[in-house]
Each structure stands twice: as C-alpha cells, then as structure tokens.
Amino acid sequence: KQEVTQIPAALSVPEGENLVLNCSFTDSAIYNLQWFRQDPGKGLTSLLLIQSSQREQTSGRLNASLDKSSGRSTLYIAASQPGDSATYLCAVRVGSGNTPLVFGKGTRLSVIA
Amino acid sequence: DTEVTQTPKHLVMGMTNKKSLKCEQHMGHRAMYWYKQKAKKPPELMFVYSYEKLSINESVPSRFSPECPNSSLLNLHLHALQPEDSALYLCASSQDVSGGWTYNEQFFGPGTRLTVL
C-alpha cells in the first residue's frame, strides 16, 4: 500500500529565505506526483504536477523535483514571502485513468515578515 | 476556464435534514471526485465518477449518496448525517483519457464547510 510522508510537519522561516519541503513515498511505481497549496478552510490549489518520466517542473519561484527510484520529491520555494504561508500537500497517483491520489499529511509553512 | 465551483460555501444541517452539495466544472473533464477533509488532515477520497459512472466508492456510508447528472455536474446528497460528518467537502476533476499519455492533474473546488448539529 502506497504511503506518503511529508517532513517537516510545520516550518517557520523569515521572509526572503529559500526553503525546501520534502515528500517521500514508499512505492516507486507512481504515475505522477502533484504538489498542492491549501489556505486555512479553503480548497486545494494545484502548484505543480510531475509525470513519472520527468525530473523536475518549475513555475515562477517554485521548483519541484522527483527522484522516483529513491521515492522522493522536493518542493523548493525561492525568496519566500508572507503570502506563501499555507499548508503544502504532496500527492501521488499510482496508475493512469481515474486512480485515486494518495496524499501526505502536509507541511504547514509560516513565513514571518 | 480552469475552475471548479462548489455550492453552497457553508451548510449547517440537523441530523434529520436532507441537503445536497453541488459541484460544477466546464473544463471538459470526464473524471470527478468527492473528498472529505477534517481539520489538519489531508483529504480522504469518498467517490470517483468516470464518464458519469461511479467507478470508486471508498466504503462510504449510505447516508452520503453521490450523483453525476451530466459530465459537468456532480452532486452529493446528504441524509441523516451524524455530527462526526462535519468537515470540509471538496470536489475535484481531472481529464480522464484511457490509454496513451494522460495528464491527470486534479483541480479542486473551494469546498463546502458542512456542520451537522
């Protein structure tokens, strides 16, 4: 059974710092991996999706990497801002079509001005 | 249009009430999902519809009844809920193409905050 772990559970950094959020998964046979952002009481916003054959994806100040063989992904946030404060969730899909996403428990990020 | 909309935003209901949650997308996606999320927990999958047919039911109690009247709409009918069913209910959609190279990024709606008294 696929399990997804995110470390740390919570992180507090000063504004301007570069930071890395970690995601690990137990079964390397994934189809893709998706990073989401969730603000308190709100829905999930998709940040980046990496297909299993890709090594990284970039969007603005965000860069997500994938090392399928070691079961790891990282989300790099450059020059953090207070508006980046949110919970970041990592989720993997284990097959094509409409197979479910398996979520990690998230990392709660606070960026202090 | 990359938006999934959900109504209502908030819902308070008694244990004897019948209510419905509504979800809509106009991205041409053929897979739609209901998730339940409790505070400080990740979303838990409830149901998946593929091409308007129920394809996954994650052993959800029968007091939750999903319906997919067409490819753009997904409903969740609620009846005789319990206080522990209070949660954020999230709808999502993704492109669902069988075979070949698929790009199944899931797009989520803002959720309905449900409180059962």
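Details of the structure are given in the entry above.
Scope of this entry: the structure provided in the associated data block. In this text the structure is predicted, and so the values were computed from the model without any measurement.

The rules behind each value
- Residues numbered from 1 in each chain as written.
- Chains lettered and ligands numbered in written order.
- Predicted model: local features only at pLDDT ≥ 70, side-chain atom pairs only at ≥ 80, totals over all residues.
- Heavy atoms only, no water.
- 1 Å grid on protein atoms, 1.4 Å probe; cavity = no way out; pocket = protein on both sides within 12 Å on 5 of 7 lines; lining within 4 Å.
- Points joined across faces, edges and corners; volume = space filled by probe spheres on them.
- Helix = DSSP H or I, 4+ residues; strand = E, 2+ residues; numbered from the N terminus.
- Nonpolar A, V, L, I, M, F, W, Y, C, P; charged D, E, K, R; others polar.
- Pairing = 2+ DSSP bridges.
- Axes fitted to C-alpha atoms, helices over the stretch in contact; angles between N-to-C directions.
- Phe/Tyr/Trp six-rings, centres within 6.5 Å; stacked < 30°, edge-to-face > 60°.
- Buried < 20%, exposed > 50% of the residue type's maximum accessible area, 1.4 Å probe, protein only.
- Contact = heavy atoms within 4.5 Å.
- Buried area = accessible area lost by both parts, 1.4 Å probe.
- Salt bridge = Lys/Arg side-chain N within 4 Å of Asp/Glu carboxyl O.
- Polar contact = N/O pair within 3.5 Å; in protein donor to acceptor, adjacent residues only side chain to side chain.
- Disulfide = S-S within 2.5 Å.

## Quick word on the layout of surface pockets
In this model, the largest pocket occupies a volume close to 540 Å³. For the largest pocket, the lining is made up of 26 residues, of which T87 and R108 of chain A together with A39, K40 and K41 of chain B are closest to its centre. For the lining of the largest pocket, the elements supplying multiple residues, two or more each, are β1 (4–7), β9 (86–93) and β11 (107–112) of chain A. Along the lines of polarity and charge, the residues of the lining of the largest pocket split into nine nonpolar, nine polar and eight charged. Reported here for the second largest pocket is a volume of approximately 420 Å³. Along the walls of the second largest pocket sit 24 residues, with K42 and G43 of chain A together with G109, P110 and G111 of chain B positioned nearest its centre. Residue assignment for the lining of the second largest pocket shows that the elements contributing at least two residues are β5 (44–51) of chain A together with β1 (4–7), β10 (107–108) and β11 (112–116) of chain B. Residue composition of the lining of the second largest pocket, by class: seven nonpolar, twelve polar and five charged.

## Focus: the sheet that holds strand β8 (residues 73–79) of chain B
Residue and element names in this part refer to chain B. Spatial strand order, β1-β3-β8-β7: four strands in an open sheet with antiparallel pairing. The sheet is open, and its two edges are formed by β1 and β7 (64–70), each paired on a single side. Across the sheet, the mean angle from the axis of one strand to that of its neighbour is 20 degrees, orientation sign disregarded. Judged from the seven bridges that link them, strand β3 (residues 18–25) and β8 form a sheet pairing that is antiparallel. The partner of L21 across the bridge, within β8, is L76.

## Regarding the packing of aromatic side chains
A full pass over the atoms with the stated rule returns seven aromatic pairs over all chains. Consider the rings of F64 of chain B and Y89 of chain B, whose centres lie 5.9 Å apart with planes at 35 degrees: the pair is tilted. Taken as a pair, F64 of chain B in strand β7 and Y89 of chain B in strand β9 (residues 87–94) lie far apart in primary sequence, 25 residues in all. Side by side, F64 of chain B and Y89 of chain B carry an identical accessibility label, which is buried. An aromatic cluster of three or more residues is present, and its members are F36 and F103 of chain A together with Y33, Y35 and F108 of chain B.

## Here's the deal with the interface of chain B and chain A
Chain B puts 27 residues into the contact, and the matching count from chain A is 23 residues. Interface area, chain B with chain A, both sides summed: about 1900 Å², of which 53% is carbon and sulfur. Area buried by chain B at its contact with chain A is led by P42, N104 and F108 of chain B, which between them contribute 23% of it. Inspection of the region where chain B meets chain A yields zero salt bridges. At the boundary of chain B and chain A, one finds four residue pairs in polar contact (both at pLDDT 80 or more). Elements that contribute at least two residues to the side of chain B that touches chain A include exactly β4 (31–37), β5 (44–50), β6 (53–57) and β9 of chain B. Class assignment for the residues of the side of chain B that touches chain A results in 14 nonpolar, nine polar and four charged.

## A word on the state of the cysteines
The tally for this structure, following the rule as stated, stands at two disulfides over all chains. Shown here is the disulfide that connects C23 of chain A with C90 of chain A, its sulfur atoms set 2.0 Å apart. Its S-S torsion of about -55 degrees marks the bond between C23 of chain A and C90 of chain A as left-handed, since a negative value means left-handed. With C23 of chain A in strand β3 (residues 19–25) and C90 of chain A in strand β9, this pair connects stretches of sequence that are 67 residues apart. Comparing C23 of chain A with C90 of chain A, the two get one shared label, buried. At a sulfur-sulfur separation of 1.9 Å, the disulfide partner of C23 of chain B is C91 of chain B. For the disulfide bridge between C23 of chain B and C91 of chain B, the dihedral angle about the S-S bond is near -70 degrees, and by the sign convention the bridge is left-handed. Of this pair, C23 of chain B sits in strand β3 while C91 of chain B sits in strand β9, placing them 68 residues apart in sequence. Each of the two residues, C23 of chain B as well as C91 of chain B, counts as buried.

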